[in-house]
Amino acid sequence: MTPQIAHACSCEPLPNPLEAHSQAALVFAGRVHTIVGNPADEGASLMMTFDLHEVWKGPEQPQVTLLTPSGSANCGYPFEHGTSYLVYAVVEGVELTTSSCTRTTPLANASNDIAALGPGIPIANGISDVSNVDMDIPWLPVMMIIASLLIAAVLFGPSLLGRRR
């Protein structure tokens, strides 16, 4: 048996929020919508899609997808599905990424950063869970019934009218 070399994440000291903002390509607050990949697959990347709440830097869009290394030894950030974060993302090559070496943090712990960054731009998120849809007016079922009746009238109307003559 030969000894194995252990690799651990090593980061520079974190910059203050304003410096981190200037170094980032995108700074936003958002909730993790999906995580794709295996966190135990060291050397791979995890892909996260976020539903954005607020943006301090970057495009004002309802969703963004970015990568983080898999595993803490590779400086991957341990995102959890459904949790909201303040994310500082950078561009590496052609990919938008973040890691544990940025100021990315759960939104619940980001009050100092948010105070330093000031007000962001709120995002009107067009993506909602079915549980959040207002069903006071069942417009979709009504529209489907109307469309079905119109299709039936077009298809069967001429044959019914032809029989009556």
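Residues numbered from 1 in each chain as written. Predicted model: local features only at pLDDT ≥ 70, side-chain atom pairs only at ≥ 80, totals over all residues. Heavy atoms only, no water.

(A) Expanded view of the packing of aromatic side chains. By the definition in use, this model includes five aromatic pairs. For the pair Phe-28 and Phe-50, a centre-to-centre distance of 5.2 Å together with 70 degrees between the ring planes defines the contact as edge-to-face. In this pair, Phe-28 sits in strand S1 (residues 26-36) while Phe-50 sits in strand S2 (residues 45-57), placing the two residues 22 residues apart along the sequence. Here Phe-28 matches Phe-50 in class, with each residue buried. Here the aromatic rings of Phe-79 and Tyr-85 are separated by 4.8 Å at their centres, their planes lie at 85 degrees, and the arrangement is edge-to-face. Here the two residues Phe-79 and Tyr-85 agree in accessibility, since each one is buried. (Phe/Tyr/Trp six-rings, centres within 6.5 Å; stacked < 30°, edge-to-face > 60°. Helix = DSSP H or I, 4+ residues; strand = E, 2+ residues; numbered from the N terminus. Buried < 20%, exposed > 50% of the residue type's maximum accessible area, 1.4 Å probe, protein only.)

(B) Quick peek at the pairing of S2. The sheet contact formed by S1 and S2 spans nine bridges and is antiparallel. Each bridged residue has a counterpart across the sheet, and for Thr-34 the counterpart in S2 is Thr-49. Where S2 and strand S3 (residues 63-69) come together, seven bridges link them in antiparallel fashion. Bridging across to S3, Phe-50 finds its partner in Val-64. Between the end of S2 and the start of S3, which pair antiparallel, lie five residues, with Gly-58 showing a positive phi angle near 110 degrees. Two strands pair when backbone bridges link them, and S2 and strand S7 (residues 121-122) are joined in this way by two bridges, in the antiparallel orientation. Counted as the bridge partner of Val-55 is Ile-121 from S7. (Pairing = 2+ DSSP bridges.)

(C) Seen up close, the confidence of the model for the protein. When pLDDT is averaged along the protein, the result is 82, and 77% of the positions lie at 70 or above. The spread of mean pLDDT over the elements of the protein runs between helix H3 (residues 139-164), the lowest at 67, and strand S6 (residues 105-106), the highest at 98. Between residues 1-5, whose pLDDT stays under 50, and residues either more than four places distant or in other chains, the model counts zero contacts. In this model, residues 126-137 is a region of pLDDT below 50 whose contacts with residues beyond four sequence positions or in other chains number seven contacts. (pLDDT = per-residue confidence, 0-100. Contact = heavy atoms within 4.5 Å.)

(D) Molecular detail of the side chain of Asp-113. Relative to the helices and strands, Asp-113 is located in helix H2 (residues 111-117). Asp-113 sits in the buried class, given a relative accessible area of 5%. At a separation of 2.8 Å, a polar atom in the side chain of Asp-113 contacts the side chain of Arg-103. With residues near it in sequence (within four places) discarded, Asp-113 still touches Pro-17, Leu-86, Tyr-88 and Arg-103. (Polar contact = N/O pair within 3.5 Å; in protein donor to acceptor, adjacent residues only side chain to side chain.)

(E) Molecular detail of the state of the cysteines. Within this structure, the stated rule accounts for two disulfides. Between the sulfur of Cys-9 and that of Cys-75 lies a disulfide, 1.9 Å long from S to S. Because the sign of the S-S torsion sets the handedness, a value of about 110 degrees for the bond joining Cys-9 and Cys-75 places this disulfide among the right-handed ones. Of this pair, Cys-9 sits in the segment before helix H1 (17-23) while Cys-75 sits in the loop between S3 and strand S4 (84-92), placing them 66 residues apart in sequence. Take Cys-9: its relative accessible area is 27%, and that puts it in the partly exposed class. Covalent S-S linkage joins Cys-11 and Cys-101, the inter-sulfur distance amounting to 1.8 Å. One disulfide, between Cys-11 and Cys-101, carries an S-S torsion of -65 degrees and so falls in the left-handed class. A residue pair is termed long-range when its members are at least 10 positions apart, and Cys-11 in the segment before H1 and Cys-101 in the loop between strand S5 (95-97) and S6 qualify at 90 residues. A relative accessible area of 35% places Cys-11 in the partly exposed class. We classify Cys-101 as partly exposed; its relative accessible area is 25%. Here the bonded cysteines of the protein are numbered in sequence order, and their pairing is 1-3, 2-4. (Disulfide = S-S within 2.5 Å.)

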